[in-house]
Amino acid sequence: MKYNSIKSYSMKSNSTIFDFSVTDLDNKKVSLEKYRLNNPILIVNVASLWGLADRNYKELELLFNKYPSLMVLGFPCQQFGKQEYKTNQEIKDYLKKKNITFPVFGKVDVNGKNEDPLYTFLKSSVSRFFGKEIPWNFTKFLIVNGKPVKRYAPPQNPLSFEDEIKKYVWIV
């Protein structure tokens, strides 16, 4: 499947996140197929300069290290209050300083005419009471077997839904 723009994107009912490719912080394409053996997966639009970034990053990292089958995928976003660093190198430096080891990709738009096709898919799969649009930094999507099953609002700390995550963790 090819997803070059929102206009050419048409979701099939059997689509999963594994059908998408994204760009990493080194500007290399990465197929999300790479994460097929992880379950569950949390996809989060991150922002290093937001007031709640430290807590969110810390809790996401804790969960990532606690559950070997869980994958956390971060997508920096500059759409909300310009609360992300401007360059990929600045983002990488921040992640290193904070000891963040889960994958963080290149910046994306999560809303609007330039939104990343992955986010078009996520939002069309699981909406919230406030609609499909992402309202702010650190909106979290819980993915099970490649399909979005739950969406968590920005103020929800990752540890607050750990019990939900545990339902889908593979025992190794």
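Here the residue numbering is sequential within each chain, running from 1 through the sequence in written order. Confidence filtering applies because this is a predicted model: local features only for residues at pLDDT of at least 70, side-chain atom pairs given and counted only at 80 or more, and all residues used for totals across whole chains, interfaces and linings. Water and hydrogen atoms play no part in the side-chain values, which are based on all heavy atoms of the structure.

**Q** An account of the overall build of the protein chain is needed here, citing residue identities and associated values.
**A** Under the DSSP-based scheme used, a helix requires at least four consecutive residues in state H or I and a strand at least two consecutive residues in state E, with every element numbered from the N terminus. Within the protein chain one finds four helices and six strands. Relative accessibility under 20% of the residue-type maximum defines a buried residue, over 50% an exposed one, and the middle range a partly exposed one, all with a 1.4 Å probe and only protein chains included. When each of the 172 residues of the protein chain is scored for burial, the buried share is 53%. Note on areas: Shrake-Rupley, 1.4 Å probe, and residue coverage restricted to the protein chains presented here. When the accessible area of the protein chain is evaluated, it comes to approximately 8,700 Å², of which 52% is carbon and sulfur surface.

**Q** Give a description of unusual backbone geometry that names residues and reports values.
**A** Going from N39 to P40, the amide bond is cis rather than trans, its omega being -5°. Mapping P40 onto the fold places it in the loop between β2 (29-31) and β3 (41-46). At K82, a position not held by glycine, the phi torsion is positive, near 50°. On the secondary structure map, K82 appears in the loop between β4 (71-76) and α2 (88-97). Owing to a relative accessible area of 63%, K82 belongs among the exposed residues under this scheme.

**Q** Could you give me a rundown of the sheet that holds strand β6 (residues 147-152), with the residues and numbers involved?
**A** The rule for pairing is simple: two strands pair if DSSP sees at least two bridges between them. With respect to topology, four strands assemble into an open sheet ordered β4-β3-β5-β6, the strand pairing being mixed. Of all strands in the sheet, those with a lone pairing partner are β4 and β6, marking the two edges. Taking each pair of neighbouring strands and ignoring which way they run, the sheet shows an average axis angle of 25°. When β3 meets β4, the two strands line up parallel, connected through six bridges. Counted as the bridge partner of I43 is L73 from β4. The strands touched by helix α3 (residues 117-125) are β3, β4, β5 (140-144) and β6; relative to β3, the strand with the most contacts, the crossing angle is about 115°. To obtain each axis, a line is fitted to C-alpha atoms, and for helices this fit is confined to the stretch in contact; angles are then taken between N-to-C directions over 0 to 180 degrees. Contact between two residues is taken to exist if any of their heavy atoms lie within 4.5 Å; hydrogens are not considered.

**Q** Tell me what's going on with helix α1 (residues 53-66), and back it up with residues and numbers.
**A** For α1, with 14 residues, the first-to-last C-alpha span of 20 Å sits near the 20 Å given by 1.5 Å per residue. Taken together, the buried positions of α1 are occupied by A53, N56, Y57, E59, L60, E61, L63 and F64. If you follow the buried residues of α1, they end up packed against β3, β4, α2, β5 and α4 (162-166). Here the expected length of a helix is defined as 1.5 Å per residue gap, with one fewer gap than residues.

**Q** Outline the environment of V46, supporting the account with residue identities and numerical values.
**A** Here V46 shows up in strand β3. Taking the relative accessible area as the measure of exposure, V46 reaches 0% and is therefore buried. Considered as a pair, V46 and Q78 are 32 residues apart in the sequence and their alpha carbons are 9.0 Å apart. If we ignore the near neighbours within four places in the chain, the residues touching V46 are Y57, G74, F75, P76, C77, E84, V104 and F138.

**Q** An account of the pairing of β3 is requested, with residue identities and associated values reported.
**A** Consecutive side chains along a regular strand alternate between the two faces of the sheet. Most of β3 is tucked away: six of the six residues are buried. Here β3 shows no split at all, with I41, I43 and N45 on one side and L42, V44 and V46 on the other all buried. Once the chain exits β3 it traverses α1 before rejoining the sheet at β4, and the crossover so formed is right-handed. Here four bridges tie β3 to β5, and the two strands are oriented antiparallel to one another. Its bridge partner being in β5, L42 is matched across the sheet by L142. With the strands aimed away from the viewer, a crossover counts as right-handed if its path from the first strand over the helix to the second runs clockwise.

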